[in-house]
Amino acid sequence: MGEVVLSASDLVYRYPGAGSDALSGVAVDVVKGQLVSIVGPNGSGKTTLLRILLGLLHPVAGTVLIKGRASESWSRKEMARLVGVVPQREVPVFPLRLKQAVMLGRYPHLGPLGFVKGKDHRAVAQAMDRCDISHLSDRWTTTLSGGEWQRVRIARALAQDPEVLVLDEPTAGLDIKHEMEVFELAALLARDEGMASIMVTHQVNLAARFSNQIIVLDAGRTIAAGVPTEVLNAEIIERVFDWPVNLFTWKGIPQFLPKRTDES
Amino acid sequence: MIRWLGLCVVAVLAVGLGVSLGPAELPFTVVVDALTGRGDHTDVAIVQKLRVPRVLLAFVVGGSLAVTGAALQALIRNPLAEPYLLGLSGGAGLGAVLAIATNIGSAWAVPLAATIGALAAIALVYRLALVAGGVLDTRVLLFAGVVVSAFSTAIMGAILALAPAAELRNAIIWMLGGFDRASWLTLGIFTAYAAVPLAFLFVSSRSLDLISLGEEPAQFLGVNVERLKRLLYLFASLLTAAAVAVSGIIGFVGLVIPHAVRMVWGHTHRALLPGAFLLGGTLMVFADAIARTVFAPTELPVGTVTALIGVPVFVVLVRRWAK
């Protein structure tokens, strides 16, 4: 096991005025060089968990440590130098050139007057290269396809030069090719560059194939957590997603095919 | 670079033209002499005591309103935001009218009263916008701004109606905006109130780039969003209030100018804000020159001129934005 960069334990959260906990007793360890996926049905607490990990919500109980330090004690700027986030939805209002959009990722590294230096240009070029968007650098962000825009946002997070990469449903609305490119990139960044990555996704099968660790959430509780081949099975998936599935294995990895109602 | 040079040249030309134009027709050479204190005493007085401060005030007020508009557009992520349409100008005007009507202080205190008015207006606009639901909808916010603006105008109307008749005409003209009372004093007052807010907005260019992505992405990229929002509202209110206190309510500069600059320089604020300041100043100097020459010796309110330019642009923007 590598170094644990982000560690949360015994998280409990209840939205103000809600009758039950949105999260109870959830734990996550994000390790350098590993991709952790969080799956679960809508409303299972995935987004709440991410918001707590990123310091946007304060848990009722439990702790979040980033590099061993309580997450509340990090300023937003310090946090941004360490954690790159690709948020779920983001609609550009004022179009930027693609290169300008990626440069926004350098903000936490700029001085008080915001001057861009050579190392910032280098980091942006490298991030764009990594996400295979260098050839688009002068395009306006409003003219990009869904897949290209997603890669721009990942490049922006990489330009932050982070140790942790957080992806919130990064493949929503993407076709097979672009979906695969995002998963490939996330896995590659973890494996080759030691990124500690955490991804919320609805793609259980791809999560099982690409992740080092998977966490299955349901109604705010952890139903399963660990290496996908060890913790995933048809019973868990059927129970959590409330739908019958067929289980296959592909190269030893469990894959789930939902059943039609007229199939037994 | 050439575009920047061009803009600077146009700005300087506008200031020169503004100083030369006026009811008293002074040849250009006389104006140049008068600037250095030579020539006829009356000419020197007209140029040095009336025209120069007036043109400079118009320039900095126009520039400040345009910069404020650009910043508000980033803050609420809507290209239709500007101090006038968001109700800031109306609130500031009401604060200033109250201060003048109740005679509570010197010319230096009027901007303070206007600031309080502007802050109250934006707070009210926010409350109204949130009534529609827990999540802030910028379209509702703009609608609320127009409503609060109308409300402020109504109250101002009542105060003016109850004021002694002799002062009434002046006050109404002041409300419509103008630089006829410009002097070195008003220029000084404006500069004193506007310097820090302007400096803050210019230094915050990168943060404005980020906040225009949305609050969550901005936080993830390292912006302390709550603090930035508070400071932006405060300084936008201060800038608007300073402008209203010295020149009345002038609308649409904050809308038209940033939009024009966006078309040429794009949307990053390190280019947008200086561009908006220069172009806003230039436009205001031209608008003021039109206001005082077209029907000379009677002056049009400069707010009328900017509205005549601004409303058609607003219509075009709404059409484009609604698509």
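Refer to the structure printed above.
Residues numbered from 1 in each chain as written. Chains lettered and ligands numbered in written order. Predicted model: local features only at pLDDT ≥ 70, side-chain atom pairs only at ≥ 80, totals over all residues. Heavy atoms only, no water.

## Examining the interface of chain A and chain B
Moving on, step 1. Across the boundary between the two partners, chain A contributes 28 residues, which contact 25 residues of chain B.
Moving on, step 2. Summed over both sides, the interface between chain A and chain B buries roughly 2300 Å², with carbon and sulfur atoms accounting for 66% of that surface.
Moving on, step 3. Linking chain A with chain B are one salt bridge, by the criterion used here.
Moving on, step 4. The salt bridge partner of E216 of chain B is R51 of chain A, with a shortest N-O separation of 2.2 Å.
Moving on, step 5. For the interface between chain A and chain B, the tally reads eight residue pairs in polar contact (both at pLDDT 80 or more).
Moving on, step 6. When contributions to the side of chain A that touches chain B are tallied by element, the ones reaching two or more residues are α2 (76-82) and β6 (83-86) of chain A.
Moving on, step 7. Here the element with the most residues in the side of chain A that touches chain B is α2 of chain A; it accounts for three residues.
Moving on, step 8. Class assignment of the residues belonging to the side of chain A that touches chain B gives a composition of 19 nonpolar, four polar and five charged. (Contact = heavy atoms within 4.5 Å. Buried area = accessible area lost by both parts, 1.4 Å probe. Salt bridge = Lys/Arg side-chain N within 4 Å of Asp/Glu carboxyl O. Polar contact = N/O pair within 3.5 Å; in protein donor to acceptor, adjacent residues only side chain to side chain. Helix = DSSP H or I, 4+ residues; strand = E, 2+ residues; numbered from the N terminus. Nonpolar A, V, L, I, M, F, W, Y, C, P; charged D, E, K, R; others polar.)

## As for the sheet that holds strand β9 (residues 213-218) of chain A
Residues and elements named next belong to chain A.
Moving on, step 1. Strand order in the open sheet made by the six strands is β6-β7-β8-β3-β9-β10, with mixed pairing throughout. The open sheet has two edge strands with one neighbour each: β6 and β10 (221-226). When strand polarity is set aside, the average angle formed by the axes of neighbouring strands in this sheet is 15°.
Moving on, step 2. Across four bridges, β6 lies against strand β7 (residues 164-168) in parallel orientation. Looking across to β7, one finds that G84 is bridged to L165. (Pairing = 2+ DSSP bridges. Axes fitted to C-alpha atoms, helices over the stretch in contact; angles between N-to-C directions.)

## Details of the pairing of β10 of chain A
Residues and elements named next belong to chain A.
Moving on, step 1. Across five bridges, β9 lies against β10 in antiparallel orientation. When the sheet's bridge partners are listed, L217 is paired in β10 with T222.
Moving on, step 2. In this structure, the hairpin formed by β9 and β10 is closed by a connection of two residues, where A219 is found at a positive phi of approximately 50°.

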